[in-house]
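# Observations on the model geometry
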Amino acid sequence: MGGTLLLSSCSKSFLQPDPLSVYVPNETFNTEAGLMSAMAICDRHLKGYWATDHNEMLILGTEYTFSELMVASATDKRNMLADVANMLTPTSDDGSLINLDRTNSMWYLWQETYKGISYANTIIKYVDQVEGLDEATKNAFKGRAYFHRAFRYMALVFEYGDVPLVTTIIDGPKQDYRSTKRDAILQMITQDMEFAVQWVPDQSAMSLVGLINKGACRMLLAKCYLAIGEYAKAKEQTDILIDQSGYSLMTENFGTFNDGGEPQTWPITRNVIWDLHRPENKLIAANHETIMGMPNRGSDAESFVKMLTMRILYPFLFDGRVKTKDGKQALLNIRRNQADYNPQYDYMRAFGRGISTFRPTYFQTHQLWKVNGVMDEGDLRHSSAVGNWVRMEDYRVNNKASSEFGKPVTLFSDNGTLLCSDTIRRWYDVPHYKFFLDDPVNEANISGSDGLRGATNGGIADWYLYRLAEAYLLRAEAKYYLNPSDGTIKDDLNIIRERAKCSQLYQGTVTIGDIMNERARELYWEEWRNVELKRVSLCLARSGRPDEWGNVYNLDNFDKQSGTDASGGSYWYQRIVHYSMYNKGPIQIDATGNANPNYTMDKKNMYWPIPNAAISANNKGQLSQNYGYDGYDPATPKWDKWEDAVADEMSVAE
Amino acid sequence: MMKLAIFLTLTFTMHAMAKSNAQTITLDAKNTTMREVMQEIQKQQGYSFLFRGDKIADMRVTANLKQVNLADALNTLLDERGLAWSLNEGIITITGTPLSPVKRISQTQQRTVSGRVTDENGAPLAGVTVTIKGASIGTRTNEKGIFEMQVPDANAIFIFHILGYEQREVPVGSKSTIDVSLTPSMSDLDEVVVVGYGTMQKKDLTGSVTQIRPDKIANENPKTVQDILRGAPGLRIGYEPSAKGGGLIEVRGKRSVYDDDSGHNSPLLILDGMIFYGELSEINPDDIDQIDILKDASAAAIYGSKAASGVIIISTKKGKQGKPVINMTMNVGATQRSDYRERFTTDAYLQHRQDWYTKNTYGINPETGAYEAYQSGVYASKPGYFMQPNQLPSGVSIEDWRAYTANDTGESDLSIWAQRLGFTGNTLQNFLSGKIVDWADRTFRTGLNQDYNASISGASEKVNYYLSMGYLKNEGAVVSDDYQAIRANMKVNAHVTDWLELGANVNFQDRSDGNVDIDMDQMLRNSPYADYTDEFGNPVQYPLSSEYSQRGYNYDFQKQYLELDKGYTVFNSIFNAKVKLPFNITYSFNASPRYQFFYDRYFMSAELPGSDPASRGANREQSKRLDWSLNNTLSWDQTFADKHHFMVTLVQEAEERKFWQDRIEARNILPSDALGFHNTKNGSKENSTYSSEDTHQTADALLGRLFYSYDNRYMLTASIRRDGYSAFGTSNPYATFPSAAAAWSFTNEKFFPWNDIMSHGKLRVSYGKNGNRQLSSPYLALANLYAGGGKMHGYLNSSGELEQYRYLMVDRLANPTLQWEKTASWNFGLDFGFLNDRISGSLEYYTMQTHDMIMNERLPGFTGFLSITTNLGQVNNKGIEFSLNSLNVSNDFLQWSTTFGLSYNKNKITHLYYEYEDVLDEAGNVIGTKEMDDLSNGWFIGQPIGAIWDYRVTGIWQANEVEEAAKYGQLPGDPKVANNYTADDVVNSDGSVTHVYNDRDKQFLGQTDPPIRWSLRNEFILWKDLSVSFNIYSYMGHKSLSGNYLNNDDDGGRMAYAMANVPAKEYWTIDNPTNDYGRIEAKGPTGAASANKLYNRSFIRLDNISVGYYLPNQWTSKWNLNRLKVYGTVRNVATWAKDWEYGDPETGDWASRVYTLGVNLTF
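Here the structure is a predicted model, which means the values were calculated and not measured.

What follows covers the overall build of chain A. Scanning chain A from terminus to terminus reveals 25 helices and eleven strands. Expected size for 654 residues packed as a compact globule is a radius of gyration near 26 Å; at 26 Å, chain A falls within 12% of this value. Overall, chain A is about 90 × 75 × 50 Å in size when its C-alpha atoms are taken along their principal axes. Every one of the 654 residues in chain A was classed for burial, and the buried ones make up 66%.

Bringing the overall build of chain B into the picture now. A count of helical and extended segments in chain B gives 15 helices and 61 strands. In terms of overall size, chain B behaves like a compact globule, its C-alpha atoms giving a radius of gyration of 36 Å where 1163 residues would be expected to give roughly 32 Å. Summarising its shape, the C-alpha atoms of chain B cover approximately 120 × 70 × 70 Å along the three principal directions. Counting only residues that meet the buried cut, chain B has 57% of its 1163 residues in that class. Taking the intrachain contacts of chain B between residues at least 6 apart in sequence as the baseline, contacts between residues at least 24 apart amount to 68%. For chain B, the distance from the average position of its 112 positive side-chain charges to the average position of its 135 negative side-chain charges is 8 Å.

Opposite the 100 residues of chain A that make contact, chain B presents 97 residues. Note on chain A versus chain B: buried area summed over both sides is about 7900 Å², and carbon and sulfur give 59% of it. Among the residues of chain A in contact with chain B, Leu15(A), Arg78(A) and Glu302(A) are the three that bury the most area, contributing 10% of the side total. The interface formed by chain A and chain B contains four salt bridges.

Our focus in this paragraph is the nonpolar core. Nonpolar side chains in soluble globular proteins tend to be buried together. Within the largest apolar cluster, 270 residues are counted, with the highest numbers of intra-cluster contacts made by Trp50(A), Trp110(A), Phe147(A), Tyr466(A) and Phe423(B). Here this core takes 13 residues from helix H7 (residues 135-160) of chain A, the largest share from any one element. Beyond its immediate stretch of four places on either side in the chain, Phe423(B) contacts Tyr349(B), Leu350(B), Arg353(B), Ala418(B), Leu428(B), Phe431(B), Tyr529(B), Tyr548(B) and Met1059(B). Grouped together as the second largest cluster of nonpolar side chains are 25 residues, Leu205(B), Ile313(B), Met647(B) and Phe707(B) included.

What follows covers helix H9 (residues 214-228) of chain A. All names here are of chain A. Between the first and last C-alpha of H9 there are 21 Å, a value that for 15 residues agrees with the 21 Å anticipated at 1.5 Å per step. At the N-terminal boundary of H9, the capping side chain belongs to Asn213, with an oxygen 3.2 Å from the backbone nitrogen of Gly215. Residue Gly229 follows H9 closely and has a positive phi angle near 95 degrees.

This part is about the packing of helix H19 (residues 468-482) of chain A against helix H22 (residues 529-543) of chain A. Two measures define how a pair of helices packs: the angle their axes make with one another and the distance between the axes. Residues and elements named next belong to chain A. Following both chains from N to C, one finds H19 and H22 inclined at 20 degrees, their axes separated by 10 Å at the closest point. As the angle between them shows, H19 and H22 are arranged roughly parallel. Between H19 and H22 the crossing geometry is right-handed. Note on element contacts: H22 touches H19 through Glu532, Arg535, Val536, Cys539, Leu540 and Ser543, opposite Glu470, Leu474, Glu477, Tyr480 and Tyr481.

Take H19(A) next. Over its 15 residues, H19(A) extends 21 Å from the first C-alpha to the last, a length consistent with the 21 Å expected when each residue adds 1.5 Å. Burial of H19(A) is extensive: 14 of the 15 residues sit out of reach of the surface.

What follows covers the packing of aromatic side chains. In total, this model carries 93 aromatic pairs over all chains according to the counting rule given. Centre to centre, the rings of Trp266(A) and Phe351(A) are 5.3 Å apart; their planes meet at 70 degrees, and the pair counts as edge-to-face. Remark: Phe351(A) occurs in helix H14 (residues 347-351) and Trp266(A) occurs in the loop between helix H10 (231-244) and helix H11 (272-276); sequence separation between them is 85 residues. Judged by centre distance (6.5 Å) and plane angle (25 degrees), the ring pair of Phe832(B) and Phe882(B) falls under stacked. Placement of the pair is Phe832(B) in strand S43 (residues 821-834) and Phe882(B) in strand S45 (residues 867-890), with a sequence separation of 50 residues. Exposure remark for Phe882(B): the relative accessible area of 24% places this residue in the partly exposed category. One aromatic cluster in this structure is built from Tyr64(A), Trp266(A), Tyr314(A), Tyr347(A), Phe351(A), Tyr395(A), Phe435(A), Tyr524(A) and Trp525(A).

Further remarks concern the side chain of Thr358(B). Residues and elements named next belong to chain B. Residue position: Thr358 is located in helix H6 (residues 346-358). Of the polar contacts made by the side chain of Thr358, one reaches the backbone oxygen of Gln354; its length is 2.5 Å. Beyond its immediate chain neighbours, meaning those up to four positions away, Thr358 contacts Ala373, Tyr374 and Phe386.

Further remarks concern a negative patch on the surface. Residue and element names in this part refer to chain B. A grouping of Glu1066, Asp1076, Asp1139 and Glu1141 is seen on the molecular surface, where their side chains present a negatively charged patch. Residue placement: Asp1076 occurs in the loop between helix H14 (1054-1058) and strand S58 (1093-1096). The exposure class assigned to Asp1076 is partly exposed, which follows from its relative accessible area of 43%.

A cis amide bond, omega 0 degrees, links Leu670(B) with the succeeding residue Pro671(B). One can find Pro671(B) in the loop between strand S33 (644-667) and strand S34 (689-692). Phi is positive for Ser356(A), which is not a glycine, with a value near 50 degrees. Overall, the relative accessible area of 0% leaves Ser356(A) in the buried class. A positive phi angle, close to 50 degrees, is found at Leu835(B), a residue other than glycine. Summarising the element assignment, Leu835(B) is placed in the loop between S43 and strand S44 (839-858). What makes Leu835(B) partly exposed here is its relative accessible area of 46%.

Our focus in this paragraph is a nonpolar patch on the surface. Residues and elements named next belong to chain B. A contiguous nonpolar surface patch, about 620 Å² in accessible area, is contributed by Tyr767, Trp826, Phe828, Leu843, Tyr845, Ile880 and Tyr904. Sorting the residues of the nonpolar patch by element identifies S43 and S44 as the ones contributing at least two each. Mapped onto the fold, Leu843 is located in strand S44. Given the relative accessible area of 37%, Leu843 is considered partly exposed.

This brings us to the confidence of the model for chain B. All names here are of chain B. Residues of chain B with pLDDT of at least 70 account for 94%, and the chain-wide mean is 86. Note on residues 1-22: pLDDT under 50 across the span, and 74 contacts to partners over four residues away in sequence or across chains. A low-confidence stretch, residues 98-108 (pLDDT under 50), is modelled with ten contacts involving residues beyond four sequence positions or located in other chains.

Before going further, it helps to spend a moment on the state of the cysteines. Each disulfide consists of one covalent bond between the sulfur atoms belonging to two cysteines. All names here are of chain A. Counted under the stated rule, the structure contains zero disulfides over all chains. Cysteine Cys539 shares no disulfide, and the gap to the nearest cysteine sulfur, in Cys224, comes to 11 Å. On the accessibility criterion, Cys539 (0% relative accessible area) is buried.

About the thresholds
- Every chain is numbered on its own, with residues counted from 1 as its sequence reads.
- Here the convention is simple: chains get letters from A, ligands get numbers from 1, in the order in which they are written.
- Two thresholds apply to this predicted model, a pLDDT of at least 70 for residue-level local features and 80 or more for giving and counting side-chain atom pairs, whereas whole-chain, interface and lining totals are computed over all residues.
- The basis for every side-chain value is the complete set of non-hydrogen atoms in the structure, without hydrogens or water.
- Put simply, DSSP marks the helices as runs of H or I at least four residues long and the strands as runs of E at least two long, and each gets a number from the N terminus on.
- Using C-alpha atoms as the atom set, the radius of gyration is obtained and then compared with a globule rule of 2.2 Å times the number of residues to the power 0.38.
- Note on classification: 1.4 Å probe, protein chains only; a residue is buried when its accessible area is under 20% of the maximum for its type, exposed when over 50%, partly exposed between these limits.
- We call two residues in contact whenever any of their non-hydrogen atoms come within 4.5 Å of each other.
- Neither His nor the chain ends contribute to the count of charged residues, in which Lys and Arg are positive and Asp and Glu negative.
- To locate a charge, take NZ of a lysine, CZ of an arginine, CG of an aspartate or CD of a glutamate.
- Accessible area that two parts lose when put together, evaluated with a 1.4 Å probe and summed over both, is termed the buried area.
- A carboxyl oxygen of Asp or Glu within 4 Å of a side-chain nitrogen of Lys or Arg is what we treat as a salt bridge.
- Throughout, nonpolar core names a set of buried Ala, Val, Leu, Ile, Met, Phe, Trp, Tyr and Cys residues whose side chains join them through atoms within 4.5 Å.
- Residue count minus one, scaled by 1.5 Å, sets the expected span of a helix.
- The definition of a polar contact used here is a pair of N or O atoms within 3.5 Å, where within protein one atom must be able to donate a hydrogen and the other to accept one, and adjacent residues in sequence count solely through side-chain atom pairs.
- Helix axes use the C-alpha atoms of the stretch in contact, all axes being lines fitted to C-alpha atoms, and the angles between their N-to-C directions lie in the range 0 to 180 degrees.
- Under this scheme an angle from 65 to 115 degrees is roughly perpendicular, one under 35 degrees roughly parallel, and one over 145 degrees roughly antiparallel; angles in between are oblique.
- In this scheme the crossing of two helices becomes right-handed for a clockwise turn of the near helix relative to the far one and left-handed for an anticlockwise turn of less than a right angle.
- Classification of ring pairs uses Phe, Tyr and Trp, with its six-membered ring standing for Trp, and accepts pairs whose centres are within 6.5 Å; under 30 degrees between planes counts as stacked, over 60 as edge-to-face, and the remaining range as tilted.
- Patches in this entry comprise residues that are over 30% relatively accessible and not in a salt bridge; like charges within 9 Å are linked, as are nonpolar side chains (Val, Leu, Ile, Met, Phe, Trp, Tyr) within 5 Å.
- For the accessible areas, the method is Shrake-Rupley and the probe is 1.4 Å, while residue cover comes only from the protein chains on display.
- Along the chain, pLDDT gives the predictor's confidence residue by residue, from 0 to 100.
- The criterion for a disulfide is a pair of cysteine sulfur atoms lying within 2.5 Å.

As C-alpha cells, this is what we get:
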C-alpha cells in the first residue's frame, strides 16, 4: 500500500491546485450567463445607493446634507456630522462601515463606488472572450457596463474632484496610481456614453425591465455633455428623449391606488403625484414617464434591499421631547393590540417610526415652494390637503392622559413656551408621497413589531433612476448655458409645474436658481443633489453665466477657496449659505449627544477629502489631496489625459 | 563510579521488535565482543540492549550455544563475568562490574533478605534492579515491587536502580527485610525524547527540545493540553475562560505578520509521530505520556507544514509489562467568574444617569467665570434640574425645582426626579417601589464541572495495549456556557513475527461546540430597575416596558425559542507497520487517516413573539473532513568501534486533505415549524438558502537525516527536507529546508575536572531553515469570484413578474508566484546539571529570520481589491530562554522542588515590500533612503509586529482650561492629545490656530505582545504522600490601547432609550477632576476624536494551587487497590495587574476561576 501511494504522490499532478467550490474568472466569464452575473451585481449595486447603509442610515442622505436641502439630525450622536467645516478631514471617516456612530456615508460613497466600477470593469475586461456572442449583443453589454462606470465616475468627480482612474481589472498589484483630472475623466465617460447610446437598445426592444436601456444612457450622456461644456449636444440628447423616444409626462391618475396604510389616520386623496411615486406604479407599462427605474422587490433573502425611508427621514416623534401644553408626551406609539388603540391616531402605521437621521432645511419645507413670491398652495408635491405632504400640525395628540387629546400638536404653549425641546430632530414636514412605503412584513406582525420602518424585509420599493421630468430640467439647464434669455426655458419648467397642478407658473426668463429649485421640488430623493449642484457649479464657471444673485464664477478658482463667510466659493456653496442651516451659529437643544450643534460648511468642502486610507495604500504613487485638506499639495502630478492614465494602468507587470 | 557508568552507557534505542520464548538462540562466539554477541541476540530475538557499566560492551566472550532459551543464554554468557541482566519494556539492561576473584564469597554464609520497593508515592515499583555493591549477583523486583535475594554478609550494600529514579544504596546490616522508596531522578538524561520519525535519549539531543510529562502535574488536574503546556519556557499559551478552555499557542514569538485566525503562527502538532490535524481538545490530557516541544530549526526542520512556528509532539501512554493496570480518575469542580466588568450599584447607577444628563449643561458661569453645571443649553435656567430633591444646591428651592416640569398633582419628588432621569413605565414603578434585579446573577453562575476517566493498560510479551475512555461535562461561569466531550483512545501494538511489528492507535472524540449563547454585555447592561419576570415568575421578553424604544434583552426568555445541537465527531487513527531488515535497517510505514464530522443544527422558532418568520427557521450544516498523511521511513542505526554512533533516517511523506460542507438555512417553515430543526423541507424557498463549500489540498515531502555521535562527547545532526504543497502549486510548489546541529558534552571529556560539582554539561549549536505553508484557504493563489451574501438581483420581465439573477463579483487577485514562507534560525544552548543534577536546566539563545513572509499586502481598495496574499518582507525574532529545575530539600520528611522558566523575545520587522523612500532633512534635502512602513496595516520597519503607533493621550482638560481646550475644539473632561508635529497646524485668518492631528503626530508607544514571560512552580512533598504545589506565571512589558476611558456610554442610544447600566468605572466630572479618566462621552480633538489611552498590560497570575494526598498503602491494599490519591486544585487563584482595570489583564474581559476535587484510583 505504501508503495502505491509513494508512486502516486510523487507525480507532478499530485500537487495541482484543485479548486472545487471556487468560480475562477476565466472559466466563468466565458458565457453569456456568466457575463449576466456580472451585470446583475452592477444593477443591484446601483440600487444600493438609494437603499440602506446601516440600520440608521441611508446613503443618499450624505448627498442631501451636502446641499441646501438637508442637515444631519441624529442629535443623540456626539459625533454627528454637523460642524462639517472642522470635522471633515482625510482621516475623519476611516472607520468601519457598520458604525452606528456614523452620520454620513462618505467612506461608503468612495469605497462602494469603486467597487461598482470594478464590477463594470469586469464586464468590459471579459466580454470579448465570450465566444458566440454577436457584435450587437457584445456591444450592448459593453455599453451597459460603460453606463455603470460612467454613472459612478460622474459621482466621484463631483464628490471627490480629481480621483484615480481605474478602467480595468488589474492582473497584479498596482500601488502607484496618480489622480486623474476631473475633466479628463469627464471626457472619457462622455466618449463611453456616446458608444453606449449607439449600442444599448431601447427599453421597447428589451425583455427585462431594470437592465440599462438606451434612454438611461442618453440621460447620462446629456449630463456628461453639460459637464464638459457641450451644451448644444446636451440639448440635442434631451430633445431626442422628450420628442422622439416615446416618453411622456404622467398627468392623470394611473396604476394601482395605494391608500397609504391607515386611511383613518391619514386619508389620501388620490392624485397623479401620489400615484406616480407609488413603487407599484413606477415600472408598469402604463407609466410613460419612466426612463429607467430600479426594481426592488421580492424577499430580503433574495433580491430585495430594504428601504428605510420612513425610519431615517421622518421626525423622531414618539419621545418625551414633543410635549402637549399640559406637559405630557404628545405622541405615543400605540399598537393595534393595545387597549388604548385608536385607528384615527395610528401614526406608526401611517408614517412609520421615524428616527430622523437627516432632516430637511426650512428652505426645503417652506421657502422652496414659493414661486413668484407666492406660496403655491396648489402644488401637489407640497400639498398636505391631499395627503401628499405631512406637516407637524397635522399630527394630533394621541396621549389620552393629556387634556389636549385629539387636538393638533403645537410648537408653543399658550404662553409661548417651546413644547418641543429638540426641534432639529423632532419638528419638520415630510414629503410623504415620496417616502411612504408599504412594510408588509411588519404590517403582518404588528404585535411584536416596535414600528413600521418603511420596507424592511420585503415588499415593493422600486425606485426611479431617471424620469422624463428630469430630461425637461436638463434641457432647461442646457438652454440656460447656451442663452439665458431664451424664453422657452420657462416652458420646460412649467410643463412639470402644470402636471403638479401648480397655481404659479414661471414667466419670462428664469434663473439657474429657478431651475435648481424646480429640480429640488420635483426630484427630491431621486437626484444626487450634491453631485448635481457641483456639476451646475462647474457649468456656471465654465459657461460664465450668472447665478440667481448675479454672481459669476471663475473656472480657475471656483473650487479652490476656503472659509465659512457668506461670499465667494462655488455656486454649491452659495446655495448652502443662502438657503441652509449651515454657518448660522450654534443651536441649543435638549439632546443627549450633541446639545448645541453648530452646523458649518466650508467653501473647501466643495470636494470631500480623499480618504487617507486610499492615499496610504497607494504607497508607490501619490494621489492628490483636495484643496484645503491636510496633505494638499498643488504640485502633485496628475494625469491630464485619461488616455495616459489608461496606458499607465495597462503597463502593470504581471 | 556510578556517575561515570551513566555516561559510558551505550544504548541501542532500536525498539524491541519481537519477543518469543519459543524462539531460541543459537550462537557461536570466539573471543567476540559482548556488543557483537548481543547484536546477534538482538537479531535473533529482537531485544535491544543497554550496557550499564564500564567496558562491558568490550568484554570478550567465547561461547557456543545451540537452541538455548534467552534466559539460559544470558545467564551462561553473563553469570561467570559477574554481570546481571534485567528485562524491562523489551530492553535488556546488562549491569555489574567484572568480578574480582578475591571477592568471591562462599555460599555458606548467605542468608535471604527480602523487601519491597516503592516510588515516592508508595506505589510499588516493578523491574527495579537490586544488586549488591561489588558483587555480581542481582535480581529484579516483581509486579508488587517485592524482591528476594541471597546476601553474602552483613556488610553488603544493596544498590537499587531503575530508569527515571535516583539510584539508592542501602546497607543490609542484619535486617531480613528492607523496604525502600525511590525518588524520581532529577536528571532526565536517560529519558527518551521524541524527535520526529524516531526517538533519542535526551543526552544525545543536539536541538532545543523541551519535554513535559503530564503525570508530574497530575494533581493540578489540567483541563486541557494547554493547561499542561502553560508556563513552559518559550511558549505562549492563550487563556480561555470558557467551559471548554484551551487557548492559542505560540512558540518563541510571531514569525510572520500573517495573522488571520488560520493558526499560521501557532505550532505544528504531531500526535504519536503523525501530523495531527485536529484541535487539542481531542486529546485527553490523561492519555498523554509526554510532550516534546521542538523549538529550534534543527529539531523542527524534519517537519514540513508549518514547522517554522515550532513543533509540539504529543505521545500517548502505552501499556507496561505486567498485569493489567486499571486507572480511574474522578474530578468534580466548580467554576466561578473571577473577574469581569462589574456594573454600577443602584446608587452609582442613579448618579451616573444624573451625571450623564448634566454633562450637557456644563458651561462657563458668566458671573464667576467658572466652569459649572446648568450654564448652557436648555437647562441653563433650571439649576439642579437633574439633581436629587434632597441634594439641591443652596439657592434652589424645592418649589422652584418642582416647577421646572409640569407635574401631576400629588406627584412625589422622587417620581419627578426619576422622570427627569428618563424613568417611565415599569422602571418608574420599580424605582418607586424599590424593586431591583441583579442582572449579574442572571448572567453568571457557579458552574459544575465533571470529568471522569478510566483506562486499562498492560502488555504481554507480544502485545501492548492501552484503552481509555473519558467523559467531560463542564459548566462555565456564564449561564449559557456548557461543554461536553467523550474521548476514547485505543492503542494496540503487536509483534507479529520477530521481524514485523504492527500497531494501531484510534482516537475518538465526540464534543459539543457552542451553545445558545447569552449576550453577556446586553444582559448585564439591563437597568437594575427593569423587569426580569412577570407577575407569574416567567421571564419577560423585554425588561423595559413599551414606553422605551430599546427594550433591553432577556436571555432566559429568548432561549426558550432557540435550540442548538452542534458538535464534532472525530476519529483520528494511526496505523503503523515496522519491518526489520538486515544490517540494522528498519523500514516503517505509517498512515494516519482522520475523519472529522461536524454537525450544526440550529432552530429559531417563529413562535418568538414579534419575530419575522422569514428570518426564523432551521439551520442544518454537515461537514466532513478526511485528512490523511502517510510516510515511508527507513532508518539505520549502527555503532562502529564502540564510539561512532550513526543514525540515518530517510522519509517519504504524502498528505491529502479533503473537506465537504453542506448548509441549509430554512426559513419561514410552513405550515408550522413545530418539528424544530428536524425539518427543513418546508422552508419557503424565497427565504431559505443552501450552500456548499468543498476544498482539496495535497502535500508531499522527502527527508533525510543523519545523526552521528562520537564517544558521547560530540554529536552532530544534519537533515534536509524537500516539501511541496498544492496551494503553491501554480508555479512554486516546492521548497528545500536544510539544517545542521552540533553538541559537545564537555563534562564527558576526560580533562573536565569538576565533575563532582558540575555533573552534566552540554553545549549545543544549531542552524536550520523551516517552512510555513499555513494559509487561511488553500486557494489564495487563485483568482476567484464571490457571490456575496448569495442573494440575487431581480429584473421585471415583460409580464411584470420578478425574474432573479445570481451575481458574481471579482474578489481576489491571483498570485501565481505564492510560495513557502521560510524561517532561518540559529540556536545556541547550554544544558547543565550541578550537584548530581539536583540543580539542572538550560539556557538558550536564538535568532530567527523569517523571509518570503506570507502576508496580505494592502492594495488601494479602489482597484477593486483590498489586498493580495503574497511573500514579502522579513521578520526577525531573537530571544533568550532560561529554565531551572532544582531539588531544594530532599529528606524523608520533605521534598521541595522548584521549576523556574524565563523567556525574553524581541520581535522586529526588518523588511516589508523592499520599497524605499527618501529621507529628507528639515530643509527638504534628500539625506538618505529608508524602507517604507506600511501605515495602513500598522507595520513598521524596525518595530515589532505588535507595535503600537498612535496618538499619545497625556491627560484630561480640567475645568480651568476651558479656553485652552476650546482651541482644540474640546471641552473640559476631554483628553489632551499630544500634538507632536505642529508645522502643519493651520493659522486661520483671524490669527487662531487649528491644530491638525494626523499620522505625523503619532508615536511609538510600545507593543502588544509581551516580550518577557516567566513562570515559577514550587512543589512540596511532605511525608512522601502529601504534595502541595503552586504555579505562577507572568507576562510583562506589553501594552494596549483602550478607549474605555472615553466613556462612550450612549453608544447607539443605550443611555437615552434603554436606561443602560454601563460598567462601573470612574469618570471625570466637575466635582471629580481626575486626570486619568475622561468625562462621559469624551472625545479627542478633531482628527483624533477617538484617541485611545495607553495601558500597561503586565500581570502576574497565581495560576493554581494544588494539593494531593496518597492514602497509606495499608488502607488501600485492603480494598485491593494499588494506590489511591485524592487531590484538590484551584485554578486562576489570583491575578495582579500593573495598570489594567477593565477586566482581566490577560483576556481584557472576564475570566473564571475553577475549583476541582479529584480522586485517582489505580488497581
